[in-house]
Amino acid sequence: MTAETIVALITVLIVFLGMLAIRLHVGLSLMIAGALGIVMLLSTDAALSTVANQPYSTAASYTLTVIPLFILMGVFAVNARLAEAGFDAASRALVKVPGGPALASLTGSGFFAAVTGSSVATVATMARVSTDAILKAGYGIRLAAGVVCAGGTLGVLIPPSIILVLYAVVTGVSIGPMLLAGIGPGLLTILAYALTIVVLVLVGRRKQAPTQASVSASSAPAPDLGSDPAEVGDSGAAEVPASPAARQEKPRFDVMGLLFLAVIFLVSIGTIYMGVATPTEAASFGAMAALLILLIRTRPPRWLSVIRESLTEAVGLTAMTFLLMVGAGVFTYFLAFSGVSRALVDTVVDADMSPYVVLICCLLLLLPLGMFLDGVSMILIAAPLLHPILSAYGFEEIWIGILVVKVAEMALITPPVGMNAFVYSGSVPEAGLGRIFRGIAPFIIADVVVVAVLIMVPEIVTFLPEYSAAK
Amino acid sequence: GGGDGGGETSTDETFTLTYTTYSNDTSDQSITVQRWAEEVEELTEGGVTVDFHYSESLVGAEESLQATIDGRADMAQVGSLYAASDLPMYTISELPFETDNPEAQMVALDQLYQENDAYRGDFEQQGVQQLFPLPIGIAVVGLNEAAEAPDDLAGLSIRSGGVVSEAMISVGANPVSMTATDVYESMERGVIDGYTSLGIANLSTFGLSESTSHVLEPGIGSYASSVVVVNAELVESMPEAYQEALRTASENAVGYGLDELDTLGNQACEELQNSGTEFSSFTQEDVTAWQDEAGIAEAWVSDQGGDAESVLEDYRQFIDETTESSDYSDPLVACMGE
Amino acid sequence: MSASLPRPARWVASAFSVIAGLCLLALVLLTVADVVSRNVQGRSILGTVEISTVLLVAVAFLGLGAAEITGKHVSVSLIEARLPRLGRLVFSVLRILLLAAVGSLLILGLTEVYLGAVQRGETTNGVLGLVTAPWKLILVISFLVFFVLALWREVHQFLVLRGARSVSGVTA
Ligand code: NA
Ligand code: NA
């Protein structure tokens, strides 16, 4: 790299952080910083062309149609109240188990993750319901916060997942196998969290008999089901829509709800696994199925309004994602043109370190990014830089992808700043960030163990895609 | 460029050309351009070097020409598939049934740029120069079952793109758009019954040379190409000696392209033969009937309007001339002959 | 916050997101119809990929304005949240200036890209050869609405910050 390039790189990074600091849209911050870099190294004309051509060239891509489709599917599923179905069923099944309500919340997050592609949607959907149930059973709010925030990360790991799609797109990995690869690690994560819950509950029991909940299960409204990252930025300024009817005393056993969850998952991921549909086709059928289920579970007079609300919600989330992608596109052009990306790969590869040291360093780099960015931005910025380095070391691409996404999701729950924690505190204001992060801590330990296992046993990641391809 | 009397390599001015391509760094096309760049660097004694950006890492395939015009890149590989709006006359290289000799097609495209005003006019209007064309080879159809005549393709879902899709439609096949990377999986799983719009040299890259049970030479021939273009203003700003170096290397590049096509094609051929692939081709009458039925060249002329006729005429004439003197045969044809 | 926006602005943004929603539904139906047709009749719907691709352009950006109104766009409030009122005022002014600058440059650039597409008669590179200009016009309009709303929102916030008491009385 020339001195000119280094000066440009430093300027670009400073400008980017500056834009973020003054709370400009992350997408626009990336765009401005990237464009400035292009001006410095190339020309103003080239910078303007890059910026002006980016929106169309970003969106005019058939592969990316899967993003709004997955988003739409998730929104339909939220509005059909399918997450609650999973949670209620698990609550009934686990009523006698130590930590039952917490395990039920985790299971509910797992079920919901199988139909939505977003971490934040999972937290927002599960937060109030789970917290009330866990507190009522006599466990503390720290446990509730920990379970819900950590459980949220399942939304991204278990397919369908927008972030897995984006990772595949920006690195050129095949989308179908990438989605399938998330299932194993997702299940492993559930197992690790479940063990964490049981240990926490047993240890807690030995220390003291369950006391009355320190925070009463208030009649606060249910969370905005379609909640989204931006409300984090506005630190809880979310407008919460009219709350659904108060929850019943005893959880229902919503067989149909569970069945519907299974149908959406089978249609959207099962068809990819069986190879009868491409990811875009599968997502379309998934969205279609979710729409029909939403109609079945909604009274006909409300059909039009609920469809309209869902579409508006999905379109807004799509626009949010694409604005980020446009900004990241400009930024990535700068990194590619300047040769920074290549220099970075060369430097790391030439350093001739142990591949696993490099891997762990790359993964650790992700954690601080979670202080500034949401999951989508993090993947859009980090994946194009980290993926080539790790592939150069001969690691399997899909496996790298899953590790990067898993750790990026950890960054959303690690202190001092974590998106999921903010979303939770928006839904359960009485919890307080301090207690939330203390509640999350044991689950981070579980995550570290999961990542270590995934590194030692890569088959957990690669088994499903390979088995599917071999059929 | 200003005429600087003395000329000569008096300059210590250096140029680094940013090259953007959708091909990956090990493809025959990228290797060809690398060889071109090495020659240019040698001829200019390091005065002109090329900075490569592969696999759309700088700009997308559809944008590469625009990027060369507005300065985001200096040189680009432009696929005929992406040229419809900006270089309409160049889409002539997509016409099926014109030639099964890639060398003849390459030379004809070169000559069109030198001698046909309508063809060159498109490039001049965009502010770029055509440096040299890159061969793709003749269209191969990979199938899960044998096909002896065009009618056997009727009703099959076949991955294809560009003008070849029209040829597929005319025999009642069902063209499916799909990126080349998805073809392997889709073939394995029966999402499609066959694929085309690929040359034999592409098959190994996409894992198809060891998994395709039937390979058909459909008579479509050279069905596409790509050209390497460079920003005209930039070239004109170079010392004459450098410009001369670019021209010399470009003249040799067609040869490099065919070399690399052969290397990959022969490798794929070996893999196909080792995996017991069955080869077939259509009779000349069948192909001629198909060509007449499809009427693609005629439609192309009337779609493009005015000067397209002269472009087609010259293209055919140049192809005929080269075919006579050429002893080149496409690696697919060679492979089937063995 | 959305209450502070004038009715026409909210109306336009919501109309756009309804159109985008319909495009999204069309995308779902087209893909489903294509797969069904392929498996039942053995025939794809010609140009499904091309149509889906241009539909995505509309789906991706028509909702920008509505996302701005509902505060969906991601930003980092980490630092601003810790600042006194004066600091927030300064940040607010900076954002207004940046939004105005980026907005005008981007709109100009997008307009140029749109006019270029019109002039060149640009089409998609597939069997259908769809004209791209209308979709590029959608981009111009979507971003225009987005920046107008973002600026409006920002200016409003600035005014609220500057004279907290009087304005909050109005919006409450
Ligand atoms: Na998910
Ligand atoms: Na964090």
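Details of the structure are given in the entry above.
Residues numbered from 1 in each chain as written. Chains lettered and ligands numbered in written order. Predicted model: local features only at pLDDT ≥ 70, side-chain atom pairs only at ≥ 80, totals over all residues. Heavy atoms only, no water.

*Asks:* Can you help me understand the overall build of chain A in this one?
*Replies:* In terms of regular secondary structure, chain A is built from 23 helices and 0 strands. For 471 residues, the compact-globule estimate of 2.2 N^0.38 gives 23 Å, and the C-alpha radius of gyration of chain A, at 22 Å, lies within 12% of that figure. Overall, the C-alpha framework of chain A stretches about 65 × 55 × 50 Å when taken along its three principal axes. In chain A, which comprises 471 residues, the proportion classed as buried is 62%. Nonlocal contacts in chain A, meaning residues at least 24 apart in sequence, comprise 80% of its contacts between residues at least 6 apart. (Helix = DSSP H or I, 4+ residues; strand = E, 2+ residues; numbered from the N terminus. Rg over C-alpha atoms; globule rule 2.2 N^0.38 Å. Buried < 20%, exposed > 50% of the residue type's maximum accessible area, 1.4 Å probe, protein only. Contact = heavy atoms within 4.5 Å.)

*Asks:* Sorry if this is basic, but what is going on with the overall build of chain C here?
*Replies:* Check the secondary structure of chain C and you find 6 helices and 0 strands. The C-alpha radius of gyration of chain C comes to 21 Å, more than 25% above the 16 Å expected for a compact globule of 172 residues. Projected onto the principal axes, the alpha-carbon positions of chain C cover approximately 65 × 35 × 30 Å. Out of the 172 residues belonging to chain C, those deemed buried represent 51%. Long-range pairs, those at least 24 residues apart, make up 70% of the contacts in chain C between residues at least 6 apart in sequence. Accessible area for chain C stands at about 7800 Å²; split by element, carbon and sulfur atoms hold 70% of it. Between the mean site of the 14 positive side-chain charges and the mean site of the 7 negative ones, chain C shows a separation of 13 Å. (Areas by Shrake-Rupley, 256 points an atom, 1.4 Å probe, with all protein chains shown as cover. Lys, Arg positive; Asp, Glu negative; His and termini not counted. Charge placed at Lys NZ, Arg CZ, Asp CG, Glu CD.)

*Asks:* Hey, could you run me through the state of the cysteines in this one?
*Replies:* Covalent bonding between the sulfur atoms of two cysteines is what defines a disulfide. Going through the model one piece at a time under the given rule, you end up with 1 disulfide over all chains. Each sulfur of the disulfide joining C269(B) and C335(B) lies 2.1 Å from the other. On the S-S bond that ties C269(B) to C335(B), the torsion sits near 90 degrees, and the link is right-handed. With C269(B) in helix α8 (residues 240-274) and C335(B) in helix α12 (residues 331-337), this pair connects stretches of sequence that are 66 residues apart. For the pair formed by C269(B) and C335(B), the shared burial category is buried. With no disulfide partner, C362(A) has as its closest neighbouring cysteine sulfur the one in C361(A), 7.0 Å distant. (Disulfide = S-S within 2.5 Å.)

*Asks:* Would you mind showing me how to read the packing of aromatic side chains here?
*Replies:* Two aromatic rings, taken as a pair, are described by how far apart their centres are and by the angle between their planes. Residue and element names in this part refer to chain B. One pass over the structure, following the stated rule, counts 20 aromatic pairs over all chains. Ring geometry for F15 versus Y242: centroids 6.0 Å apart, planes at 85 degrees, classification edge-to-face. One end of the pair, F15, is in strand β1 (residues 15-20); the other, Y242, is in helix α8, and 227 residues separate them in sequence. The two residues F15 and Y242 agree in class, both being buried. (Phe/Tyr/Trp six-rings, centres within 6.5 Å; stacked < 30°, edge-to-face > 60°.)

*Asks:* Explain the environment of L380(A) to me, please; I cannot follow it from the model alone.
*Replies:* Residue and element names in this part refer to chain A. In this fold, L380 is placed in helix α19 (residues 375-392). C-alpha of L380 to C-alpha of G329: the two residues are 51 residues apart in sequence and 8.6 Å apart in space. Beyond its immediate stretch of four places on either side in the chain, L380 contacts L166, V170, L324, M325 and A328.

*Asks:* Looking at this model, I keep getting lost on the side chain of E154(C). Mind explaining?
*Replies:* Residues and elements named next belong to chain C. In this structure, E154 sits in helix α5 (residues 133-162). Within polar-contact distance, the side chain of E154 engages the side chain of R95 at 2.9 Å. Apart from the residues lying within four places of it in its own chain, the contact partners of E154 are S92, R95, I96 and L99. (Polar contact = N/O pair within 3.5 Å; in protein donor to acceptor, adjacent residues only side chain to side chain.)

*Asks:* Please clarify how the interface of chain C and chain B should be interpreted in this entry.
*Replies:* One widely used convention gives an interface's size as the accessible area the parts lose upon coming together. In this assembly, 12 residues from chain C lie in contact with 19 residues from chain B. Looking only at chain C, the three residues that lose the most surface to chain B are R120(C), N125(C) and V127(C), adding up to 46% of its buried area. Connecting chain C to chain B are 1 salt bridge. When the shortest N-O distance is used, the salt bridge between D86(B) and R120(C) registers 2.0 Å. Scanning the region where chain C abuts chain B turns up 3 residue pairs in polar contact (both at pLDDT 80 or more). For the side of chain C that touches chain B, the per-class residue count stands at 3 nonpolar, 5 polar and 4 charged. (Buried area = accessible area lost by both parts, 1.4 Å probe. Salt bridge = Lys/Arg side-chain N within 4 Å of Asp/Glu carboxyl O. Nonpolar A, V, L, I, M, F, W, Y, C, P; charged D, E, K, R; others polar.)

*Asks:* Explain helix α16 (residues 303-338) of chain A here, please?
*Replies:* Given 3.6 residues to a turn, an α-helix orients residues that are three or four positions apart in the same direction. Across its 36 residues, α16(A) extends 52 Å between first and last C-alpha, which sits within 8% of the 52 Å expected from 1.5 Å per residue. In the segment just after α16(A), G339(A) is the residue with positive phi, at about 80 degrees. (Expected span 1.5 Å × (residues − 1).)

*Asks:* When you look at the environment of N53(A) in this model, what are you seeing that I'm missing?
*Replies:* By the secondary structure assignment, N53(A) is in helix α3 (residues 44-59). Note on N53(A): relative accessible area 15%, which makes it buried. What N53(A) contacts, discounting residues up to four positions off in sequence, is E63(B), D70(B), R72(B) and V113(C).

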